[in-house]
Amino acid sequence: MANYTTLDQIDVSALADGYGIEQPRLTALPGGAANSSFRVCSPSGAYVLTILDNHDARSARRLAAHTQALFRAGIPTIEVIPARDGSLTAPLGDSTVILKRWVDGEVIEPLPLALLADAGRALAQLHAIDPTSAGLTDVPVGTRRLSAAHLDHIPRFEDRAFADWLTARLDRVRSAEAGTQRTPRITHGDLFADNLVISGGSRLTILDWETLSLDDPLLDLGMAVVGLAQEDNALVPARARALVDGYRSIATLTRADLTGLPLEIEHAALIIAFHRYFRHNVRFPDPDKRTIHRALIHFVDSIDGHVLGA
């Protein structure tokens, strides 16, 4: 299994000193596939402490800088709290941490239908940011896509039927995408319900910028459809249209974009399918999740024939 920091491993006094927080009280937060997070309560306020278990100091600083840049650009996300020395990250034991302001709210899965348009607008707002903006000029390119190293693993998957299906579908997507060029934009890459906090019943706050990259905005919209517009492992057209309509209230989608969106939804689903299999069967084998990737086969089948817009 992956290694995560537990509450008893945190030097609370060092945290208090590094950030100037009086009498911090920590409570572990559920979830998180890559890092450990804790709620910090003190007389000065409430915060989220994220232990970047799977980052080195350099990548942690980059994540914090990107998050703060997006917050300052008006994206509905969480503000990063600087340490006493002004740094956006701080060393804590053997790890690097980020402290962010706490946002009251809840994660609801699936995201209520009435909020899908808001999620679409937030994504379009992100895509509208100038990639040369301060703090964002070093955003990596295309990191959500499957790399050559990822693809090399597929022929060795024990689930041969899945490997063959994934290979054939990826070949089909690459062939269909050949020659298509869209202006790369700042993309989230993981706009799923568990990365959205709902406050006051309607206000959305976007979490987790681990997969931030410069890439095709239509692929990012497709990823959001995979994350927010399915039920029972199948695409729900009404949910997808609500998300896309919200997006289109801010950003322009051409007829060609709308026609091509189902292909990008499929591409996004194939990326997620690969990572689910690889994580639960190769990197951190988990008998309870070893077949979770198969749900994406049904989802991809449900996409066929849909054009999500007029």
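Above this text sits the structure in question.
Residues numbered from 1 in each chain as written. Predicted model: local features only at pLDDT ≥ 70, side-chain atom pairs only at ≥ 80, totals over all residues. Heavy atoms only, no water.

**So, the environment of Ile108**
And then number 1: Take Ile108: it is sitting in the loop between strand 5 (95–101) and helix 3 (116–127).
And then number 2: Of the residues examined, Ile108 reaches a relative accessible area of 28% and is grouped as partly exposed.
And then number 3: Distance in space between the C-alpha atoms of Ile108 and His150 is 31 Å, their sequence separation being 42 residues.
And then number 4: In this structure Ile108 touches Ala193 and Ile198, once residues within four positions along its chain are discounted. (Helix = DSSP H or I, 4+ residues; strand = E, 2+ residues; numbered from the N terminus. Buried < 20%, exposed > 50% of the residue type's maximum accessible area, 1.4 Å probe, protein only. Contact = heavy atoms within 4.5 Å.)

**With respect to the packing of helix 3 against helix 6 (residues 217–228)**
And then number 1: Contact pair helix 3 / helix 6: the axes reach a minimum separation of 11 Å and the direction vectors enclose 155°. Considered as vectors, helix 3 and helix 6 are oriented roughly antiparallel to each other. Between helix 3 and helix 6 lies a crossing of right-handed hand. Judged by residue contacts, Leu116, Ala119, Leu123 and His127 of helix 3 engage Pro217, Asp220, Leu221, Ala224 and Leu228 from helix 6.
And then number 2: When its residues are assigned to classes, the contact of helix 3 with helix 6 shows seven nonpolar, one polar and one charged. (Axes fitted to C-alpha atoms, helices over the stretch in contact; angles between N-to-C directions. Parallel < 35°, antiparallel > 145°, perpendicular 65-115°, else oblique. Left-handed = near helix turned anticlockwise from the far one by under 90°. Nonpolar A, V, L, I, M, F, W, Y, C, P; charged D, E, K, R; others polar.)

**Observations regarding the nonpolar core**
And then number 1: Formed by 74 residues in total, the largest nonpolar core has its most connected members in Leu70, Leu111, Phe157, Leu166, Leu221 and Leu228.
And then number 2: The greatest single-element share of this core, amounting to 13 residues, is contributed by helix 8 (residues 255–283).
And then number 3: The next biggest cluster of nonpolar side chains, apart from the first, holds 16 residues, and it includes Ile21, Leu26, Ile51 and Val97. (Core = buried A, V, L, I, M, F, W, Y, C linked by side-chain atoms within 4.5 Å.)

**A few points about the sheet that holds strand 1 (residues 25–28)**
And then number 1: Pairing within the open sheet is antiparallel, and its five strands lie in the order 1-2-3-5-4. Lying at the two open borders of the sheet, with one neighbouring strand each, are strand 1 and strand 4 (90–92). Geometrically, the sheet is characterised by an average inter-axis angle of 35° between neighbouring strands, direction not taken into account.
And then number 2: Here five bridges tie strand 3 (residues 45–51) to strand 5, and the two strands are oriented antiparallel to one another. Each residue of the ladder has a partner; that of Leu49, found in strand 5, is Leu99. (Pairing = 2+ DSSP bridges.)

**Focus: the pattern of salt bridges**
And then number 1: Under the counting rule described, the total for this entry stands at 14 salt bridges.
And then number 2: Where Arg121 meets Asp118, a salt bridge forms, and the shortest distance between an N and an O atom there is 2.4 Å. With Arg121 and Asp118 both in helix 3 and three residues apart, the pair spans about one turn of that helix.
And then number 3: Between Asp159 and Arg294 there is a salt bridge, with its nearest N and O atoms 2.7 Å apart. Pair noted here: Asp159 is in the loop between helix 4 (148–153) and helix 5 (160–177) and Arg294 is in the loop between helix 8 and helix 9 (295–303), with a separation of 135 residues, a long-range link.
And then number 4: Residue Arg294 is classed as partly exposed on the basis of its relative accessible area of 39%. (Salt bridge = Lys/Arg side-chain N within 4 Å of Asp/Glu carboxyl O.)

Everything listed here is a matter of geometry and, on its own, says nothing about what the molecule does.
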